[in-house]
Amino acid sequence: MNARPNIVLVHGAWADGSSWSGVIERLQADGYHVTAPQFPMTALADDVARLRQVLDFQDGPAIVAGHSYGGQIITALGPDAPGVAGLVYIAAFGLDEGESLGALLSQGPVTPALAHLVTDKQGFGWLSEDDFVHHFAADVDPVQAKVMYAVQQALAGSAFTDVMGVPAWKSLPSWYLVATNDEAIPPDAERLFASRMGATTIEVPSSHVAMVSHPDEVTQLIKTAAGR
């Protein structure tokens, strides 16, 4: 068994596992065993099932980090999260029991990154290229941002209406990175999530995709969690 905890990285909507590449490289260089699976985004239950599958495959305890909607996935592990030693939220949703993404997002104006969300015939939402490059990944090199746009994972509409059960953060230590220039989730909402879960919190002047534009800070926060 690895003496250090494993690291499991959970991508969000409109991204995929490759969005963690810079963080993966840094963690692997420091000797961590890292897994960054692809999630189907077909339903919250499907995404949680994939996460449980990956966690069951780990040899020893794991720190689980989620970005954006990935925070919804790790939160939905609930109080039954065997082998999970801590949760790290990177500009991520940290809902409480009884809340849904749709109800939360409806409390304020549509954020710039989601302003022109397109829903296909199967009910999956996609970001437009302009919103992705200029708002979702605003501080990423435009060439790289367009590659990220090309591999985006669309999100099932049901994800906005799924109601959270007992959140995992109520029984696990948590860390949170607030992206202060986020144009997908309002930074004040991120601060609220972090505050009510009692998370150890840092703030970084980043767009929504902090793990891409600020991999050093994201890696360090994950390592801090692993060190506990």
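Reading the values: rules and limits
- Throughout this description, residue numbers start from 1 for each chain and increase along the sequence as written.
- It should be noted that, the model being predicted, local features are given only for residues of pLDDT at least 70 and side-chain atom pairs only at 80 or more, the latter also being counted only at that level, while totals for whole chains, interfaces and linings use all residues.
- No hydrogens and no water enter the side-chain calculation; it runs on all heavy atoms of the structure.
- Classification of ring pairs uses Phe, Tyr and Trp, with its six-membered ring standing for Trp, and accepts pairs whose centres are within 6.5 Å; under 30 degrees between planes counts as stacked, over 60 as edge-to-face, and the remaining range as tilted.
- Think of it this way: any DSSP run of H or I at least four residues long counts as a helix, any run of E at least two long counts as a strand, and we number them from the N terminus.
- For every residue, the accessible area obtained with a 1.4 Å probe (protein chains only) is divided by the maximum for its type, and the residue is called buried under 20%, exposed over 50%, and partly exposed between those limits.
- Lysine and arginine charges are scored as sitting over a ring when NZ or CZ, respectively, is within 6 Å of the ring centre and within 35 degrees of the ring normal.
- Between Lys or Arg on one side and Asp or Glu on the other, a salt bridge is scored when a side-chain nitrogen of the former is within 4 Å of a carboxyl oxygen of the latter.
- Two strands make a pair as long as DSSP finds a minimum of two bridges between them.
- Working rule for contacts: check all heavy atoms of both residues, and any pair within 4.5 Å makes them a contact.
- To define axes, lines are fitted to C-alpha atoms, for helices over the stretch in contact only, and angles between the resulting N-to-C directions are given on a 0 to 180 degree scale.
- A helix is expected to span 1.5 Å for every residue after the first.
- Buried Ala, Val, Leu, Ile, Met, Phe, Trp, Tyr and Cys residues form a nonpolar core when they are joined through side-chain atoms within 4.5 Å.

Engineer: Help me understand the packing of aromatic side chains, please; the structure alone is not making it clear to me.
Structural biologist: How two aromatic rings sit relative to each other is given by the distance of their centres and the angle of their planes. Scanning the model with the defined rule gives five aromatic pairs in all. Look at Tyr-89 and Tyr-176: their rings are 5.9 Å apart centre to centre, the planes differ by 5°, and that puts the pair in the stacked class. Taken as a pair, Tyr-89 in strand β4 (residues 84–90) and Tyr-176 in strand β8 (residues 174–179) lie far apart in primary sequence, 87 residues in all. The pair Tyr-89 / Tyr-176 is uniform in exposure class, with both members buried. Measuring from centroid to centroid gives 5.9 Å for Phe-132 and Tyr-149, while their planes differ by 70°, and the two rings are edge-to-face. Taken together, the positions of Phe-132 in helix α5 (residues 129–136) and Tyr-149 in helix α6 (residues 142–150) put the pair 17 residues apart, joining distant regions of the chain. Note on Phe-132: relative accessible area 0%, which makes it buried. Using a relative accessible area of 25% as the deciding quantity, one classes Tyr-149 as partly exposed. Three or more aromatic residues joined by ring pairs make a cluster, and in this case those are Trp-14, Phe-132, Phe-136 and Tyr-149. Between Arg-4 and the ring centre of Tyr-32, over which it is positioned, the NZ or CZ distance is 4.5 Å.

Engineer: What's the story with the pattern of salt bridges in this structure? I'm lost.
Structural biologist: Oppositely charged side chains are able to pair whenever their charged atoms sit close together. Following the criterion strictly, the structure yields six salt bridges and no others. The partner of Lys-223 in a salt bridge is Asp-30, and the shortest N-O contact between them spans 2.7 Å. Pair noted here: Lys-223 is in helix α9 (residues 215–227) and Asp-30 is in the loop between α1 (21–29) and β2 (34–35), with a separation of 193 residues, a long-range link. On the accessibility criterion, Lys-223 (25% relative accessible area) is partly exposed. The shortest N-O distance in the salt bridge between Glu-203 and Arg-191 comes to 2.7 Å. Of this pair, Glu-203 sits in strand β9 (residues 200–204) while Arg-191 is found in helix α7 (residues 187–196), placing the two residues twelve residues apart along the sequence. A residue is classified by how much of its surface remains accessible, and Arg-191, at 30% relative accessible area, is partly exposed. What you see here is one network of salt bridges that share partners, running through Asp-188, Arg-191 and Glu-203.

Engineer: For this particular structure, what's the right way to read the sheet that holds β4?
Structural biologist: Backbone hydrogen bonds are what pair the strands of a sheet, in a parallel or an antiparallel way. With parallel pairing, the six strands of this open sheet are ordered in space as β2-β1-β3-β4-β8-β9. The open sheet is flanked by β2 and β9, the only strands paired with a single partner. Summarising the sheet, β4 and β8 pair through four bridges and their orientation is parallel. The residue bridging Leu-87 from the neighbouring strand is Ser-174, located in β8. Against the sheet, α7 makes contact with β8 and β9, and its axis sits at roughly 170° relative to β8, the strand it touches most. The strands that α9 touches are β1 (6–10), β3 (62–67), β4, β8 and β9; relative to β8, the one it contacts most, it runs at about 165°.

Engineer: Just checking my understanding: could you explain helix α2 (residues 44–56) for this structure?
Structural biologist: Residues separated by three or four positions in an α-helix point in the same direction, a consequence of the helix having 3.6 residues per turn. Taking 1.5 Å per residue, 13 residues should reach 18 Å; α2 reaches 18 Å between its end C-alpha atoms and fits that length. Those residues of α2 that are buried lie in contact with β1, β2, β3, α3 (69–75) and β4.

Engineer: Hey, could you run me through the nonpolar core in this one?
Structural biologist: The nonpolar side chains of soluble globular proteins are, as a tendency, buried together. Within the largest apolar cluster, 77 residues are counted, with the highest numbers of intra-cluster contacts made by Trp-20, Leu-51 and Ile-222. Setting aside residues no more than four positions away along its own chain, Ile-222 makes contact with Ile-7, Leu-9, Trp-20, Val-23, Leu-27, Ala-65 and Val-88.

Engineer: Hey, could you run me through the sheet that holds strand β7 (residues 155–156) in this one?
Structural biologist: Taken together, three strands build an open sheet; the order of strands is β5-β6-β7 and the sheet is antiparallel. Each of the sheet's edge strands pairs with one partner strand only, and the pair in question is β5 (118–119) and β7. With two bridges joining them, strand β6 (residues 124–126) and β7 adopt antiparallel strand pairing. Paired with Gly-125 across the bridge in β7 is Leu-155.

Engineer: Honestly, the side chain of His-67 in this entry has me stumped. Any pointers?
Structural biologist: With respect to the secondary-structure elements, His-67 resides in strand β3. For His-67, a relative accessible area of 0% corresponds to the buried category. In this view, His-67 contacts Val-10, His-11, Gly-12, Trp-20, Ile-90, Ala-91, Ala-92, His-208, Val-209 and Met-211; residues no more than four positions away in its chain are not counted.

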